[in-house]
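If you want the building blocks of each chain, they are given just below.
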Amino acid sequence: FQIYFFAMGGVMEAAAEVWLKIAKTKLQEKLRLLEDNNHHDTATRQKLLEDIAILQKDHDAKISTLEESKKFNQNPQIFARKAVMLLEAVRKNMGPVDLQYAGEKKIRSLNKSENGLGTKILNWFHKEIIRWSKPLGIVDKAGNVLCGTSIGVDMDHLQSHDAA
């Protein structure tokens, strides 16, 4: 099984274009509804304005997503780096599998689940991420995989407050 980030970049850009078109259509529909029905009572008008504000924020996020997907499509290596860094961020932040109180019977059942892999898949996944990250140059001096998302501590991403 091989992942072709060049092809995936094209798919991501095409999807982002569709998502932007949908967001634009929804926003235009609400704006048209607001213009056509200026005779609404205050509560209805306020609800429309709130909906428009949410849809505008969504539209802006979709524009940002399209711009980012175009960058990824033009440079698949950046896309590969971001994808592997995101996988590492998910792996690191998902927390450990707590087997301390599971008991021997529970541990055996965990190892029998998932086609006999059980919790061993987590160790395999960590090793694979390390293997993928070295040629991409996303390891620090100690050999640890760099991890990150587009939503960092500075919270400068359009949807960072939604995710927090």
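Residues numbered from 1 in each chain as written. Predicted model: local features only at pLDDT ≥ 70, side-chain atom pairs only at ≥ 80, totals over all residues. Heavy atoms only, no water.

Participant: What should I look at first to understand the packing of aromatic side chains in this one?
Facilitator: Each aromatic ring pair is characterised by the separation of its centres together with the angle its planes make. Inspection of every chain in the model, using the stated rule, returns 2 aromatic pairs. A centroid spacing of 5.0 Å and a plane angle of 15° characterise the contact between phenylalanine 72 and phenylalanine 79, whose relative ring orientation is stacked. Members of the aromatic cluster, each reached through a chain of ring pairs, are Phe5, Phe72 and Phe79. (Phe/Tyr/Trp six-rings, centres within 6.5 Å; stacked < 30°, edge-to-face > 60°.)

Participant: Can you help me understand helix H2 (residues 42–74) in this one?
Facilitator: Because an α-helix completes one turn every 3.6 residues, residues spaced three or four positions apart along the sequence face the same direction. Here H2 contains 33 residues, and its C-alpha end-to-end distance of 48 Å stays within 8% of the 48 Å for a straight helix at 1.5 Å per residue. Those residues of H2 lying buried are Leu48, Asp51, Ile52, Leu55, His59, Ala61, Lys62, Leu66, Ser69 and Phe72. In the core, the buried residues of H2 are packed alongside helix H1 (5–36) and helix H3 (76–93). (Helix = DSSP H or I, 4+ residues; strand = E, 2+ residues; numbered from the N terminus. Expected span 1.5 Å × (residues − 1). Buried < 20%, exposed > 50% of the residue type's maximum accessible area, 1.4 Å probe, protein only. Contact = heavy atoms within 4.5 Å.)

Participant: In this structure, what is going on with H3? I would like to understand it.
Facilitator: In this model, H3 (18 residues) spans 26 Å end to end at C-alpha, consistent with the 26 Å of a helix rising 1.5 Å per residue. Those residues of H3 lying buried are Phe79, Ala80, Val84, Glu88, Ala89 and Arg91.

Participant: Explanation requested: the nonpolar core in the structure shown.
Facilitator: Nonpolar side chains in soluble globular proteins tend to be buried together. Grouped together as the largest cluster of nonpolar side chains are 9 residues: Phe5, Phe72, Phe79, Ala80, Val84, Ile129, Leu136, Ile138 and Val145. Of all the secondary structure elements, the ones that give two or more residues to this core are H3 and helix H5 (120–136). Ranked by residue count, the leading element in this core is H3, at 3 residues. Apart from residues lying up to four places away in sequence, phenylalanine 72 is in contact with Met12, Ile78, Phe79 and Lys82. Leu27, Leu34, Leu48 and Leu55 belong to the second-largest nonpolar core, a separate cluster that totals 5 residues. (Core = buried A, V, L, I, M, F, W, Y, C linked by side-chain atoms within 4.5 Å.)

Participant: How should I be thinking about the pattern of salt bridges in this particular structure?
Facilitator: In a structure, side chains of opposite charge can pair up when their charged atoms sit close to one another. A full pass over the atoms with the stated rule returns 5 salt bridges. Among the salt bridges present, the one from lysine 30 reaches aspartate 51, with a minimum N-O distance of 3.4 Å. Here the residue lysine 30 occupies a position in helix H1, and aspartate 51 occupies one in helix H2, the gap between them amounting to 21 residues. One salt bridge connects lysine 62 with aspartate 58, and the closest N-O pair in it is separated by 2.6 Å. You can see lysine 62 and its partner aspartate 58 sitting in helix H2, 4 residues apart, about one turn around the helix. Among the charged side chains, a network of salt bridges with common partners joins Lys30, Lys47 and Asp51. (Salt bridge = Lys/Arg side-chain N within 4 Å of Asp/Glu carboxyl O.)

Participant: Help me out: how do you make sense of the packing of H1 against H2 in this one?
Facilitator: Two numbers describe a pair of packed helices, the interaxial angle and the distance between the axes. Relative to each other, H1 and H2 sit at 160°, their axes nearing to 8 Å. The orientation of H1 with respect to H2, classified from their angle, is roughly antiparallel. For the crossing formed where H1 meets H2, the hand is left-handed. Grouping the amino acids of the contact of H1 with H2 by side-chain chemistry returns 17 nonpolar, 7 polar and 10 charged. (Axes fitted to C-alpha atoms, helices over the stretch in contact; angles between N-to-C directions. Parallel < 35°, antiparallel > 145°, perpendicular 65-115°, else oblique. Left-handed = near helix turned anticlockwise from the far one by under 90°. Nonpolar A, V, L, I, M, F, W, Y, C, P; charged D, E, K, R; others polar.)

Participant: Can you walk me through the packing of H1 against H3 in this structure?
Facilitator: Where H1 contacts H3, the axes come no closer than 9 Å and their chain directions differ by 85°. It follows that H1 is roughly perpendicular to H3 by the angle criterion. Between H1, through Phe5, Phe6, Met8, Gly9 and Met12, and H3, the contact on the second element is made entirely by Pro76, Phe79, Ala80 and Ala83. Considering only residue class, the contact of H1 with H3 consists of 8 nonpolar, 1 polar and no charged.

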